[in-house]
There are 4 protein chains.
Amino acid sequence: MTKAIGTTLWVLADGYIPGESTGEPPEMLSHEAICVLNTSDKAADLTLTLYFEDREPVGPYELTVEPRRTLHQRFNDLRDPETVPTGIGYACVIEASGPVVVQQTRLDSRQAENALFSTLAYSA
Amino acid sequence: MTKAIGTTLWVLADGYIPGESTGEPPEMLSHEAICVLNTSDKAADLTLTLYFEDREPVGPYELTVEPRRTLHQRFNDLRDPETVPTGIGYACVIEASGPVVVQQTRLDSRQAENALFSTLAYSA
Amino acid sequence: MTKAIGTTLWVLADGYIPGESTGEPPEMLSHEAICVLNTSDKAADLTLTLYFEDREPVGPYELTVEPRRTLHQRFNDLRDPETVPTGIGYACVIEASGPVVVQQTRLDSRQAENALFSTLAYSA
Amino acid sequence: MTKAIGTTLWVLADGYIPGESTGEPPEMLSHEAICVLNTSDKAADLTLTLYFEDREPVGPYELTVEPRRTLHQRFNDLRDPETVPTGIGYACVIEASGPVVVQQTRLDSRQAENALFSTLAYSA
């Protein structure tokens, strides 16, 4: 399988990193991540732009997914151009240099037992 | 990024605001929300119509998403033309004046530990 | 809004009604449901066929969604041609006489605190 | 219903089998599964390829979904060519010999009360 699968523009409209956690980090730290699959034989360069409710977009955040690899990237760990604030809503546009597939996952451990969701991002 | 991404008609078929909550409001209040992203340089005017199981649709609910902004709007907080009842099923059609992306999220804190889901709305 | 939105063929591949529950029924009974929206001015007749892992499909199950109404139908409550077994996997094809939107939701209360998911069905 | 529904190429970008469990196996074992529906009158042969973050893809994993049947297959139970490691991220491409529908589901019972999600896979 070296075929390129997916598209080059993805959106997640409900971004949110819960501000508190219960349980052992890093696994049980409240987090939000994008999981990206690059099935092709060329590296995929990703450019992320974050949107907020009350200020201008922030970016670009730059990531690379190597050929025939997946990348599970937590928003919690993004540093450049700035960290992603917790406890407030955001949205994210992901532009890729080649076809990829993007899925969004959040683990919420604010209360004693964790909640979890995962959903395909919107492909434009 | 000032490109307009998305479509102008979105549907969520499973609407439900749990009637009880456990934990500290507003964060842990049981709620349902739409998260809308407007990447364009023009404000997006949204018109929501709510559908029920046993009565005629209610609306329009009117919202605006500013240019290059996201809006995380709880159904719990809608007031006009009327509040959204809790503990009963509804559905929602969202019409936008320009392309947007809509994701639906529910936090259910009826029991001691919260449950959570999020899913893309249906784009028509 | 009297426009017909959606399509006439929907699939959910992961059907499962957990066999146990914790908490007060009917709300906290473990259940799986389809939520269907019919925005049109004509009733939508639904025909459901259930697929299993080790026997022939069962159906038709027949439901009607009235004009401009939503229907939140639990699989737990289907009776004809037969009840849906709990604790085993199934899948479901939904054929509608007119355009509708279908979302699948499961509440799992096997353990003390409920888990929840909801996702758009596959539209063919 | 003997019509073939779906497509022949599916992707899940967020694969992860939690490394710990609470509760009675097999039901409450932390697991991840694909649920596949084959509505056609011909068996569907599936070829799965797993992608990782730091090594070459692994596969093929081969499965068959009989005509008019659903298959709920846990990644935990795959053995050939090798077992799927727990506690690390992966992704999966599913190629089918005929049209099928694929949905991904994870039950996470690392903490005392289980979390759950299910989402349609990406159809290419």
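A quick note: this is a predicted structure, and the numbers were derived from the prediction, not measured. (Residues numbered from 1 in each chain as written. Chains lettered and ligands numbered in written order. Predicted model: local features only at pLDDT ≥ 70, side-chain atom pairs only at ≥ 80, totals over all residues. Heavy atoms only, no water.)

Chemist: Even after reading the chapter, I still don't get the overall build of chain A, so can you show me in this structure?
Modeler: Scanning chain A for helices and strands turns up 0 helices and 8 strands. Listed N to C, the secondary structure of chain A is β-β-β-β-β-β-β-β in terms of helices and strands. Over its C-alpha trace chain A gives a radius of gyration of 15 Å, about what one expects of a compact globule, namely 14 Å for 124 residues. Taken along its principal axes, the extent of the C-alpha atoms in chain A is 45 × 35 × 25 Å. (Helix = DSSP H or I, 4+ residues; strand = E, 2+ residues; numbered from the N terminus. Rg over C-alpha atoms; globule rule 2.2 N^0.38 Å.)

Chemist: Sorry, what's going on with the interface of chain A and chain D here?
Modeler: On the side of chain D, 36 residues touch chain A, which itself brings 32 residues to the contact. At the junction of chain A and chain D, the tally comes to 2 salt bridges. A salt bridge links D:Glu56 to A:Arg69, with the shortest nitrogen-to-oxygen separation between them at 3.1 Å. The element contributing the most residues to the side of chain A that touches chain D is strand β7 (residues 115-120) of chain A, with 6 residues. (Contact = heavy atoms within 4.5 Å. Salt bridge = Lys/Arg side-chain N within 4 Å of Asp/Glu carboxyl O.)

Chemist: Which parts of the structure should I look at to understand the relation of the copies chain D and chain C?
Modeler: Related by rotation about an axis and a shift along that axis, the two copies of the chain form a pair. Relative to chain C, chain D is turned by 90° and slid 0.0 Å along the rotation axis, the superposed coordinates differing by an RMSD of 0.0 Å. The transformation relating the two chain copies, once decomposed into turn and shift, fits a four-fold axis. (Least-squares fit on C-alpha atoms with pLDDT ≥ 70 in both.)

Chemist: Even after reading the chapter, I still don't get the interface of chain D and chain C, so can you show me in this structure?
Modeler: A common measure of how large an interface is: the accessible area buried when the components associate. Tallying the contact residues gives 32 residues for chain D and 35 residues for chain C. Connecting chain D to chain C are 2 salt bridges. The tally of links between chain D and chain C comes to 11 residue pairs in polar contact (both at pLDDT 80 or more). Here the element with the most residues in the side of chain D that touches chain C is strand β7 (residues 115-120) of chain D; it accounts for 6 residues. (Polar contact = N/O pair within 3.5 Å; in protein donor to acceptor, adjacent residues only side chain to side chain.)

Chemist: What exactly am I supposed to notice about unusual backbone geometry here?
Modeler: Among all residues save glycine, negative phi is the norm, and among peptide bonds the norm is trans. Residues and elements named next belong to chain B. Here the amide bond leading from glycine 59 into proline 60 is cis, since omega sits at -5°, within 30 degrees of zero. Positive phi is not limited to glycine here, since arginine 68 has a value of about 55°. With respect to the secondary-structure elements, arginine 68 resides in the loop between β4 (58-65) and β5 (69-74).

Chemist: Would you explain the side chain of B:Arg69 in this entry?
Modeler: Of note, B:Arg69 is situated in strand β5. Among the residues examined, B:Arg69 registers a relative accessible area of 14% and is labelled buried. For B:Arg69, the side chain forms a polar contact with the side chain of A:Glu56, separated by 3.1 Å. Ignoring any residue separated from it by four or fewer positions in sequence, one finds B:Arg69 in contact with A:Tyr51, A:Phe52, A:Glu53, A:Asp54, A:Arg55, A:Glu56, A:Pro57, B:Val36, B:Leu37 and B:Asn38. (Buried < 20%, exposed > 50% of the residue type's maximum accessible area, 1.4 Å probe, protein only.)

Chemist: What is the right way to read the environment of C:Tyr51 from this model?
Modeler: All names here are of chain C. Inspection of the secondary structure puts tyrosine 51 in strand β3 (residues 44-52). Residue tyrosine 51 is classed as buried on the basis of its relative accessible area, which comes to 0%. On a C-alpha basis, the gap between tyrosine 51 and tyrosine 90 in space is 5.5 Å, while along the polypeptide they are 39 residues apart.

Chemist: Is there a simple way to explain the pairing of strand β5 (residues 69-74) of chain C in this structure?
Modeler: Within a regular strand, the side chains alternate between the two sheet faces. Residue and element names in this part refer to chain C. β5 sits mainly inside the fold: 5 of its 6 residues count as buried. Where strand β2 (residues 31-38) lies against β5, 6 bridges are found, and the strand directions are antiparallel. Paired with isoleucine 34 across the two strands is glutamine 73, which belongs to β5. (Pairing = 2+ DSSP bridges.)

Chemist: I would appreciate a short explanation of the pattern of salt bridges in the present structure.
Modeler: Opposite charge on two side chains allows them to pair when their charged atoms are near. Applying the stated criterion across every chain, the model contains 24 salt bridges over all chains. Salt-bridge contacts for A:Arg68 lead to D:Glu56; the nearest nitrogen and oxygen are separated by 2.8 Å. With A:Arg68 in the loop between β4 (58-65) and β5 (69-74) and D:Glu56 in the loop between β3 (44-52) and β4 (58-65), this residue pair bridges two chains. Given the relative accessible area of 21%, A:Arg68 is considered partly exposed. Residue D:Glu56 is classed as partly exposed on the basis of its relative accessible area, which comes to 40%. Across the pair D:Arg106 and D:Asp14 runs a salt bridge whose closest N-O atoms are separated by 3.2 Å. Pair noted here: D:Arg106 is in strand β6 (residues 89-108) and D:Asp14 is in strand β1 (residues 7-16), with a separation of 92 residues, a long-range link. Overall, the relative accessible area of 2% leaves D:Asp14 in the buried class. The structure contains a network of salt bridges with shared partners spanning A:Asp41, A:Arg68, A:Arg69 and D:Glu56.

Chemist: Can you help me understand the side chain of C:Thr70 in this one?
Modeler: Summarising the element assignment, C:Thr70 is placed in strand β5. Side-chain polar atoms of C:Thr70 contact the backbone oxygen of C:Val36, separated by 2.9 Å. Apart from residues lying up to four places away in sequence, C:Thr70 is in contact with B:Ala13, B:Tyr51, B:Phe52, B:Glu53, B:Gly89, B:Tyr90, B:Ala91, C:Val36, C:Leu37 and C:Val65.

Chemist: Is there a simple way to explain a negative patch on the surface in this structure?
Modeler: Taken together, A:Asp45, A:Glu62, A:Glu66 and A:Asp80 make up a surface patch of like negative charges. Note that A:Glu66 resides in the loop between β4 and β5. (Patch = residues over 30% accessible without salt bridge, like charges linked within 9 Å, V, L, I, M, F, W, Y side chains within 5 Å. Areas by Shrake-Rupley, 256 points an atom, 1.4 Å probe, with all protein chains shown as cover. Lys, Arg positive; Asp, Glu negative; His and termini not counted. Charge placed at Lys NZ, Arg CZ, Asp CG, Glu CD.)

Chemist: I would appreciate a short explanation of the arrangement of the chains in the present structure.
Modeler: Nowhere do chain A and chain C come into contact; their C-alpha atoms are at least 7 Å apart. Regarding chain B and chain D, the two do not touch, and the least distance separating their C-alpha atoms is 7 Å.

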